[in-house]
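These are the residues of each chain, in order.
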Protein chains: 4
Amino acid sequence: MSGKPGDEGGAKPRESTPRVARASKPEGTCVRVGRVEIGGPGFVVMAGPCAVEGLEQTEQTATAVAASGAHVLRGGVFKPRTSPYAFQGMGEPGLRVLAEAARKVGLPIVSEVMESAQIPLMAEHVDILQVGARNMQNFPLLRALGKVRKPVLLKRGLAATFQEWMMAAEYLLDGGNEQVILCERGIRTFETAMRNTLDLAAVALAKQRTHLPVIVDPSHATGEPELIQPMALAAAAAGADGLIIEVHPRPEQALCDGQQALTPERFQQLMRRLPGVLHAVDRHLWRPEVPAHVAGAR
Amino acid sequence: MSGKPGDEGGAKPRESTPRVARASKPEGTCVRVGRVEIGGPGFVVMAGPCAVEGLEQTEQTATAVAASGAHVLRGGVFKPRTSPYAFQGMGEPGLRVLAEAARKVGLPIVSEVMESAQIPLMAEHVDILQVGARNMQNFPLLRALGKVRKPVLLKRGLAATFQEWMMAAEYLLDGGNEQVILCERGIRTFETAMRNTLDLAAVALAKQRTHLPVIVDPSHATGEPELIQPMALAAAAAGADGLIIEVHPRPEQALCDGQQALTPERFQQLMRRLPGVLHAVDRHLWRPEVPAHVAGAR
Amino acid sequence: MSGKPGDEGGAKPRESTPRVARASKPEGTCVRVGRVEIGGPGFVVMAGPCAVEGLEQTEQTATAVAASGAHVLRGGVFKPRTSPYAFQGMGEPGLRVLAEAARKVGLPIVSEVMESAQIPLMAEHVDILQVGARNMQNFPLLRALGKVRKPVLLKRGLAATFQEWMMAAEYLLDGGNEQVILCERGIRTFETAMRNTLDLAAVALAKQRTHLPVIVDPSHATGEPELIQPMALAAAAAGADGLIIEVHPRPEQALCDGQQALTPERFQQLMRRLPGVLHAVDRHLWRPEVPAHVAGAR
Amino acid sequence: MSGKPGDEGGAKPRESTPRVARASKPEGTCVRVGRVEIGGPGFVVMAGPCAVEGLEQTEQTATAVAASGAHVLRGGVFKPRTSPYAFQGMGEPGLRVLAEAARKVGLPIVSEVMESAQIPLMAEHVDILQVGARNMQNFPLLRALGKVRKPVLLKRGLAATFQEWMMAAEYLLDGGNEQVILCERGIRTFETAMRNTLDLAAVALAKQRTHLPVIVDPSHATGEPELIQPMALAAAAAGADGLIIEVHPRPEQALCDGQQALTPERFQQLMRRLPGVLHAVDRHLWRPEVPAHVAGAR
């Protein structure tokens, strides 16, 4: 805890997150992961399996998403599951599988860390440390990640207000870690037709009020493969800086959230539809070393 | 009530709305209002004041939105207001003002009808009869509108599930009126940073599961002028067939919902950003008599 | 519309409902229906079928609830149903059945009115006109009921904030009808284990902030017979002035909401449990002509 | 993780929590803390400050709540706060203050543990380890507490469904800790008049479907001192096994959640109203060594 520039009770909402506020860094934050830049003009796509299940599934998925143009490999090895009897992830062995698959295709990795004690191990293999929706207000974890010098992907809690999400990010920045990527993944509402309700207005608002990159997870937000492509395109149009998408070679056999995974074919289809929408909002799929004037002239 | 092809209790959800289901009309419904076609390849923009306040304000707004390319003039004369002490609309005199303004700029009109008794008067002047969010489950009104031969714009209730919204549309079709346009306008959630939570996944779902046109109201959904353009572009990318947007020449003086109205300048700006996104999803702003092969080649 | 003592925009929430505010009538409003007093020290129980289905079912239910001590007979003849293909109520013939059943057991009637046009017919036979949850913001209906000289039971909308509910009541009082009974019937939340989420804190708040009687509908709030008794007792402890409960002689055969109806036996059991809790909060089941000092000494 | 008696995907909801299900222990679980029994016929009241602020405040509160008949002293030393700039609790020194205050008045302690690493320290001083609402799905914490041989108070997450709450408890029982007390503390809904929406039906449901004791936190649920007493009485009537209530000698000076704290006077008043309601539902305030026939004859 530091110089206390605001207070939960008395301060005005916008002033209570001085470090994430746009005004504190009007040019915006660009998070670098290897060569990939998140939050710049390039739009970044993270893709991979919900859970790492084994070598074959992981390498097959990594190869497929890399071939379609994904920039970051996602994959869970520590899985927060509602039921104690559900598959809880492969743990450390899964981490080695994931790292090996990523190395082969040359992609950086994003993976979830569930508690402070996992940070040293995860930081060794993973390029972006993900805070899951259920941990958005796990303050000891946020404090610990504030001291790490690795990018953090902060998912919005499923019942977190916009302001609470911003304050969770403020914990990270207050701790000294400015490499924070926000991720909207749907909020819990009365609606049951979709898994969650994707709140794209919160993405636009986060882009306006903060200097942090904001990406969207249409897989968890909708839970429906048919809705992922339209929501991915909508996210791009709304100003998001990227996507994180679940892909599985055989969704019906997945050990976790298979019903919402795209097949590699559908993922490829989505990657082909994105450039048009991005172009319309003066963006492009991220690619290395493209000078701004070239990107703009595409 | 007719041949009862389904039942609230026993039937499966999708089967319980046989008349709005996509399967009943795979080619889709195109609602015609004058020359304007809603639900075809052209994207339709309805715009105008929240409430008709007087001749000058209405004509000024109508002229501005027509000049920017809007296709339909919106304006409320009967206003559902939370407080009995708030401005309740101009009523019948407002209807004449609205009709006169629309005639001058050559646009058809959409306006809200609050009860069955208003239908004859409204139907005389208005081209699309709007059912407001608070009346989505006003079943006598839906029954009465089912017998009218005018298009109906059915707004989603602010706490209506997707299925309830579809069933409200089924009331209209079951009554014999197939000219139904669905309108997503944000749902009520725990979030207070925006007026409502825009549910664009429901728009994509409605396009997949029904044959009806679906438009989006980003003004009521967000209540924030800064969020209207990004959400309008997102709606276009998500597959919506059009928009309905509040515009006021002097938002700060508006008698109703001024805080969410766009100025004519911001509306024009939005109209200039739409074509790019629409093009990326193989659509275009509606315009008369453009053969499909020309639109596709733009 | 009258002297506009407040305004939706500028006024403070509590001041915006001057006529329902406790301050305007500190002694509280007691609504009289025949001999029954709602809002006094006596606790009033309304019971009967969700829908009037026929003579036998209605008379059987009326006889049973009267025998168990219910004070008002409930029964729907015009039913708002989500699906156009569900049973929509018996309509006018059902009204005659209900009136006859009530006459035989000597109970006044509460029944739902769905639109202004039904008011004259309903007012002829019914003692309390119910506004259903879906019509809480049907403002033309509220305006029309404001001019009627019969008590109105105003159910809270399923996504209505406390303040919106109070403003709906203000419409009735502003129209001149002060015989208003508020009814909490559960709100719509993310929770699916119950039909709705019963908000008893809103009942306590309404008792503190307004002078109107407040009753609770645990049948619609929970949708589960097992939860009706505990919630009815909780309502009594929280300070409610009464209950409205669905009873059906054969719940499994009911044409509407049978899954939440109590059998006459379970209703009787509930009526036997209420007096103890009421006594603990200095109340009692309403009964005619009991002087206050006797009630207190019970 | 153990013998996997159920699975998140395929199993039916009730079967997916075999260890908390009522059927697995029909006689119910009674959690013992010193002499106090939670889940038996006696109703248990936990009370104290939201946060331990210092010796004087803590001892003053402890003395007051003990004098009014509270059975357990509550007080937070590690505080989960939305803002990184808000008071985060006294930490370990606060724990010693709390333990000393509790020792003087002879009450056991309940206090929140925020991460696994705090368990050894907390377990040394505290009698009941509380899992806060924001940590209900902190699975590493639940796993760690499953191995502890101390009672755990499991608060419902503010957007947790009933089923998710039960599954969180299942994590504890699956780990080997059967001393689990459930605590309903209000859920997050669209309503803003109260801090949260108290879901008493979930309390009644938990009593029916599980064998675990269930208590209610009306302080966090309502955030309004005026609503705490009616909700506490309602909880007792609904079948809860106890309450946890925030008390502060000078609420307006509290460093945390002062607006919802009861003064010692109001707490005493509440303690005087509880026995009547409890008697009506065949319960009583817990007291040592009262044979059942005496309690029944009160």
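What comes next concerns the included structure. (Residues numbered from 1 in each chain as written. Chains lettered and ligands numbered in written order. Predicted model: local features only at pLDDT ≥ 70, side-chain atom pairs only at ≥ 80, totals over all residues. Heavy atoms only, no water.)

## Considering the relation of the copies chain C and chain D
Here comes step 1: Between the two copies, chain C and chain D, the superposition gives an RMSD of 0.0 Å; the rotation angle is 180° and the shift along the axis is 0.0 Å. The transformation relating the two chain copies, once decomposed into turn and shift, fits a two-fold axis. Considering only C-alpha atoms, the part of chain C nearest the rotation axis is C:Ala234, at 2.1 Å.
Here comes step 2: Most of the interface of chain C is mirrored in chain D, where 100% of its interface residues are also at the interface. (Least-squares fit on C-alpha atoms with pLDDT ≥ 70 in both. Contact = heavy atoms within 4.5 Å.)

## Considering the interface of chain A and chain B
Here comes step 1: Contacts between the two partners involve 37 residues from chain A, matched on the other side by 37 residues from chain B.
Here comes step 2: Interface area, chain A with chain B, both sides summed: about 2800 Å², of which 70% is carbon and sulfur.
Here comes step 3: At the boundary of chain A and chain B, one finds 4 salt bridges.
Here comes step 4: Put simply, A:Arg273 and B:Asp282 hold a salt bridge, and the shortest N to O gap is 3.8 Å. (Buried area = accessible area lost by both parts, 1.4 Å probe. Salt bridge = Lys/Arg side-chain N within 4 Å of Asp/Glu carboxyl O.)

## Some points on the interface of chain C and chain D
Here comes step 1: Between chain C and chain D, the contact holds 37 residues from the first and 37 residues from the second.
Here comes step 2: Summed over both sides, the interface of chain C with chain D buries roughly 2800 Å², with 70% coming from carbon and sulfur.
Here comes step 3: At the junction of chain C and chain D, the tally comes to 8 residue pairs in polar contact (both at pLDDT 80 or more).
Here comes step 4: Those elements that place two or more of their residues in the side of chain C that touches chain D are helix 6 (200-209), helix 8 (225-238) and helix 9 (264-280) of chain C.
Here comes step 5: Broken down by element, the residue count for the side of chain C that touches chain D peaks at 8 residues, all from helix 8 of chain C.
Here comes step 6: The class makeup of the residues in the side of chain C that touches chain D is 24 nonpolar, 6 polar and 7 charged. (Polar contact = N/O pair within 3.5 Å; in protein donor to acceptor, adjacent residues only side chain to side chain. Helix = DSSP H or I, 4+ residues; strand = E, 2+ residues; numbered from the N terminus. Nonpolar A, V, L, I, M, F, W, Y, C, P; charged D, E, K, R; others polar.)

## Side note on the side chain of C:Asp174
Here comes step 1: Along the chain, the position of C:Asp174 falls in helix 5 (residues 162-174).
Here comes step 2: Judged by its relative accessible area of 12%, C:Asp174 falls in the buried class. (Buried < 20%, exposed > 50% of the residue type's maximum accessible area, 1.4 Å probe, protein only.)

Any link to function would need more than the numbers given here.
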